[in-house]
Each structure stands twice: as structure tokens, then as C-alpha cells.
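So the chains spell out like this:
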Amino acid sequence: MTNAQSTPSQIKLLVVDDEVDFLNTLSQRLKSRDFQVTTASNGNQAIQEATGEFDVAILDLKMPGMDGQELLKILKENHKFLEIIMLTGYASVESAVECTKLGAFGYLEKPYDLEKLMAVLRDAYETRLKKKFPHDQKRMKELDTLATGDPMAALRAMMRLDDLEK
Amino acid sequence: MSYQWDILGEEGLQFFGKMSASISHEIKNVLAVVNENAGLIQDLIYMHEKGMPIDPEQLKSVSQMITKQVKRADTIMKNMSKFAHSTDQLIKTESVSVNDILDVVTNLANRFADMREITLEKIPFDEPIKIKTNPFFLENLIWLCFDFAMDATGPERTVRLLAKEIDNSAQITFSQLGSLPVMPLETFHGKRVEALLSALQGDITVDTQAGTLSISLPV
């Protein structure tokens, strides 16, 4: 498990996968894109780690012990504004529907293109901000203009919107 | 020896499908690691183009990671190939090594054991055991026993596997099954197991007190 030091304007990600080589490489790539990344290789570690605040979590669906769906349920119950993206080696309509019912924002099949993950992260972060500031019309309007286009640029701009209140 | 094809066919297809799905999942995991590392190389090239020096140690580490995953995939595919070829002669018996068959099924079962946080421990044999049997049906039976043994394992969360030759029969024993006394044996020892035992001319003995399940097959 690793926990990166955050600076005030970083999006905080929790990444959980039992495939440690995958976890470490993905974490490295996300950190180089200015995310604050905390990793966990199983559900229990993730729950311990998730006592802090995270913006988005990326969870592997199939893990030993507590699986991704169970972890998704627990995290959603305890973190009101946390958006969750599920990763799986085998995407099926049934599991996608089940994860969506449990509150997952997105569902990606491995291996994926990182640009695709960045686009889903952008959309997840936008949804988080809309839920967090539902009555802030000015912020909503600005968010709508950021909803498409380059994911990294949009994420940085959204982060500034999130920071306005902090 | 009798073949109840309706049961054997359905069970065999389910077994083959379950193992194939598990193998494809493992291969997807390998591909995901390779894909992330290929992406990391692209990231390093992009940063280099922006004027950042490339660290040779980091490149070495990425290369080692890819090599490691290629070896992992090769091992998975070799085992899959052995498994797939066990169906080559479905109605004939052939001389097979019990050790080889156990290796194939243990390798296949390991992923399921990992998911259930169970360790599979194969005790090395004193002598190689050769039997004349149908390899696919034997793999199927061993898998059903593994699956049941994983449910029946005790607090150690370890299933121990031992094979030996006793009185002209090969005996494969699953031990450390501490939960056997409370397991519903009838759900395991049903039509599927009976059909496989009949096809293999084998027998199964369960000792709830000792926490063992043993398959006996003629040598």
C-alpha cells in the first residue's frame, strides 16, 4: 500500500487491484499526470486507507477475499461524494448492470487505453462536483463547458472549481 | 466401465468452459500489465521529447516487467495446451502420469484457490505413478474434488494433496479438510461424481474424522 503526499490542488485517487505489477505501473502513470494516488492490493487495505477523503476510486472487480463489488458497496455507503470506476478482465452486461446498481460510475475492461480511463475519470470527477455543489449555478455552468474536450485540461480546470470552496 | 454420456458431456463442457474462462481472465491480467508498461514507455518518450532525460534503470525495470509477464503467459498457455489436449481421445484410455495430471489441475485450480484465499499444497511423490485412464475425465473428477475440498478446508485454509500407489491402485488424497463433519456430502457425491467414477472405474472415500477425501483408481 502506498500513500502519496498531496498538494492542495491534486485530485485524490484510490486505486485497488490485487495484480501488484499492474497497480504499481498504473499508479506511476497517474502520478506523472499530477494525481495524488493511494494504492491498495485488497479490499481490507482499501477500507483502512479510505478513512481519508478521495475524489475517485478505481477498483478491480475480481480480487481475493473481498471482491470489487463488495468493496464498491462499502465505499459507497461510507463516502457520499466518492465516484467509483470498476475495472475487469471480463466485462459482462450482468456485472456492469450489477455494479451500476451498486453505484459505480464507470466500468472498463482490461486492457484499456489510458486515454479512455482519463475520459472516464473526467466524467466521474464532474459528476462528483455536481453532487457536491448541487445549488451552485455558476459552478454548474462552468462545469458544463468542461464536460468535453481534453480530459487532463478539463480535470485541472474542474479541480480549480472544486478548490474554490476549500 | 460405463459412460453416462448425458451427464459426462454436460459436466465436461461446464468444466472445460469454467477453466477456459479462468485462463482467459488470467491472460487478460497479463495483457493489462504489458499494456500499462507499453504506455509507461510512451510516457517516458513523451517526457524525453519535452526535454526530460530518460533514466536507463527505469527502462530496464519496464523491460524486466514485460519479460516477466511474457514468461507468466507462456506458463499459463503451456498448461492450457496440456489441458486442451487431454480431450484428444475422449473415449479411449491411455497411459498417463498421475503427477502430470495433478500438475495440470492444480495449476488450473490455483486461481480459484487464490480468489478464496486458500493455499493448495502438493506433496512431492516418492515414485512416479502411471495409470491407464481417460485423462480428461480424471482431470474433471480431480477438479470437482478440489472445488469441494476448498469449501471443506479447515481454519488453516490449506488443501494438501498427496498421491501414492497402494495395492495396485493409485490413491489421490485431499487432506486438511477440517470442515468435513459439517459439509453436506450428498451435494458433492451426486450424479456427476458417480458418472465420472463409473467411467474411470474409480472410487471415493471420505473420512470426516481425519478430514480427508481420497480417490482410488486402478493401476
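What you see is a predicted model; the values in this text were computed from it and never measured.

**Quick word on the sheet that holds strand β5 (residues 169-175) of chain B**
All names here are of chain B.
Here is step 1 of the chain: Reading across from one edge, β2-β4-β5-β7-β6 is the order of the five strands in this open sheet, with mixed pairing throughout. For this open sheet the edge positions go to β2 (119-122) and β6 (203-207), each flanked by a neighbour on one side alone. Along the sheet, successive strands turn relative to each other by an average axial angle of 20 degrees, direction set aside.
Here is step 2 of the chain: Direction of pairing for strand β4 (residues 158-166) relative to β5: antiparallel, over a ladder of seven bridges. Of the residues in β5, the one forming a bridge with Ala163 is Ile172.

**What to know about the packing of helix α1 (residues 5-49) of chain B against helix α3 (residues 98-115) of chain B**
Residues and elements named next belong to chain B.
Here is step 1 of the chain: It is at 10 Å that the axes of α1 and α3 come closest, and there the two elements cross at 70 degrees. One way to sum up the angle between α1 and α3 is to call them roughly perpendicular. Only Leu108, Arg111 and Phe112 of α3 make contact with α1, whose side of the interface consists of Lys18, Met19, Ser22, Ile23, His25, Glu26 and Asn29.
Here is step 2 of the chain: Of the residues contributing to the contact of α1 with α3, the split by class is four nonpolar, three polar and three charged.

**Things to note about the interface of chain A and chain B**
Here is step 1 of the chain: Each partner contributes residues to the interface: chain A has 22 residues there, and chain B has 21 residues.
Here is step 2 of the chain: Put simply, chain A and chain B have six salt bridges between them.
Here is step 3 of the chain: Joining chain A to chain B, the criterion identifies twelve residue pairs in polar contact (both at pLDDT 80 or more).
Here is step 4 of the chain: A total of six residues in the side of chain A that touches chain B trace back to one element, the largest contributor, which is helix α1 (residues 20-31) of chain A.

**Re the domain arrangement of chain B**
Residue and element names in this part refer to chain B.
Here is step 1 of the chain: Here chain B is described as being made up of domain 1 (5-85) and domain 2 (94-218).
Here is step 2 of the chain: Placing a centre on the C-alpha atoms of domain 1 and another on those of domain 2 gives a separation of 29 Å.
Here is step 3 of the chain: Carbon and sulfur atoms supply 73% of the area that domain 1 and domain 2 bury against each other, a total of about 1600 Å² over both sides.
Here is step 4 of the chain: Contact with domain 2 buries area across many residues of domain 1, yet Leu8, Glu11 and Phe15 alone supply 34% of it, more than any other trio.

**Thoughts on the side chain of Ser95 of chain A**
All names here are of chain A.
Here is step 1 of the chain: With respect to the helices, strands and loops of the structure, Ser95 is situated in helix α4 (residues 93-101).
Here is step 2 of the chain: What makes Ser95 buried here is its relative accessible area of 12%.
Here is step 3 of the chain: Filtering out sequence-adjacent residues up to four positions away, Ser95 remains in contact with Leu61, Gln69 and Tyr107.

**Considerations on the packing of helix α5 (residues 114-132) of chain A against helix α6 (residues 137-146) of chain A**
All names here are of chain A.
Here is step 1 of the chain: Direction vectors running N to C along α5 and α6 enclose 170 degrees, while the axes themselves pass 11 Å from each other. Viewed along their axes, α5 and α6 adopt a mutual orientation that is roughly antiparallel. Contact with α5, carried on its side by Arg122, Glu126, Leu129 and Lys130, involves Met140, Leu143, Asp144 and Leu146 of α6 and no other residues of that element.
Here is step 2 of the chain: Taken together, the residues of the contact of α5 with α6 break down into four nonpolar, no polar and four charged.

**Description of the packing of aromatic side chains**
Here is step 1 of the chain: Within the structure shown, the criterion is met by 13 aromatic pairs over all chains.
Here is step 2 of the chain: Taking 4.8 Å as the distance between ring centres and 55 degrees as the angle between the ring planes, the aromatic pair formed by Phe112 of chain B and Trp143 of chain B counts as tilted. You can see Phe112 of chain B sitting in helix α3 and its partner Trp143 of chain B sitting in helix α4 (residues 135-152), a full 31 residues away along the chain. Across this residue pair, the class does not change: Phe112 of chain B and Trp143 of chain B are buried.
Here is step 3 of the chain: By the ring-pair criterion, three or more aromatic residues cluster together here, those being Tyr3, Trp5, Phe15, Phe16, Phe83, Phe136 and Phe137 of chain B.
Here is step 4 of the chain: For the cation-ring pair, Lys110 of chain A lies above Phe22 of chain A, with the distance from its terminal atom to the ring centre recorded as 4.5 Å.
Here is step 5 of the chain: Positioned above the aromatic ring of Phe125 of chain B, the side-chain terminus of Lys122 of chain B is 5.3 Å from the ring centre.

**Some details on the confidence of the model for chain A**
Here is step 1 of the chain: Confidence in the prediction for chain A averages 87 pLDDT; 92% of positions are at 70 or higher.
Here is step 2 of the chain: Ranking the elements of chain A by mean pLDDT puts strand β1 (residues 2-3) of chain A last with 56 and strand β4 (residues 56-60) of chain A first with 97.

**Concerning helix α3 (residues 68-78) of chain A**
Residues and elements named next belong to chain A.
Here is step 1 of the chain: Along α3, the residues classified as buried are Gly68, Leu71, Leu72 and Leu75. Projected onto a plane normal to the axis of α3, the buried residues spread over an arc of 105 degrees and lie on a single side.
Here is step 2 of the chain: Looking at the buried positions of α3, the neighbouring elements they touch are β2 (12-16), α2 (43-49), β4, β5 (83-88) and α4.
Here is step 3 of the chain: Where α3 begins, one side-chain oxygen reaches toward the backbone nitrogen of Gln69, 3.3 Å away; that side chain belongs to Asp67.

**Some words on helix α7 (residues 151-163) of chain A**
Residues and elements named next belong to chain A.
Here is step 1 of the chain: Over its 13 residues, α7 runs 18 Å from end to end, which matches the ideal 18 Å to within 8%, given 1.5 Å per residue.
Here is step 2 of the chain: Those residues of α7 that fall on the buried side of the exposure criterion are Pro151, Met152, Ala154, Leu155, Ala157, Met158, Met159, Leu161 and Asp162.
Here is step 3 of the chain: In this fold, the buried residues of α7 make contact with α5 and α6.

**Observations regarding the pairing of β6 of chain B**
All names here are of chain B.
Here is step 1 of the chain: Two elements, β6 and strand β7 (residues 212-218), share five bridges in a ladder whose sense is antiparallel. Bridge pairing in β7 places Thr205 opposite Ser214.
Here is step 2 of the chain: Hairpin geometry of β6 and β7 is characterised by an intervening segment of four residues between the two adjacent antiparallel strands and by a positive phi of about 70 degrees at Gly211.

**As for the side chain of Glu36 of chain B**
Here is step 1 of the chain: In this structure, Glu36 of chain B sits in helix α1.
Here is step 2 of the chain: Excluding residues within four positions of it along the chain, Glu36 of chain B makes contact with Phe22, Thr25, Leu26, Arg29, Tyr112 and Leu114 of chain A.

Thresholds, definitions, all that
Residues numbered from 1 in each chain as written. Chains lettered and ligands numbered in written order. Predicted model: local features only at pLDDT ≥ 70, side-chain atom pairs only at ≥ 80, totals over all residues. Heavy atoms only, no water. Pairing = 2+ DSSP bridges. Helix = DSSP H or I, 4+ residues; strand = E, 2+ residues; numbered from the N terminus. Axes fitted to C-alpha atoms, helices over the stretch in contact; angles between N-to-C directions. Parallel < 35°, antiparallel > 145°, perpendicular 65-115°, else oblique. Contact = heavy atoms within 4.5 Å. Nonpolar A, V, L, I, M, F, W, Y, C, P; charged D, E, K, R; others polar. Salt bridge = Lys/Arg side-chain N within 4 Å of Asp/Glu carboxyl O. Polar contact = N/O pair within 3.5 Å; in protein donor to acceptor, adjacent residues only side chain to side chain. Domains from an automatic or database assignment. Buried area = accessible area lost by both parts, 1.4 Å probe. Buried < 20%, exposed > 50% of the residue type's maximum accessible area, 1.4 Å probe, protein only. Phe/Tyr/Trp six-rings, centres within 6.5 Å; stacked < 30°, edge-to-face > 60°. Lys NZ or Arg CZ within 6 Å of the ring centre and 35° of its normal. pLDDT = per-residue confidence, 0-100. Arc of directions from axis to C-beta. Expected span 1.5 Å × (residues − 1).

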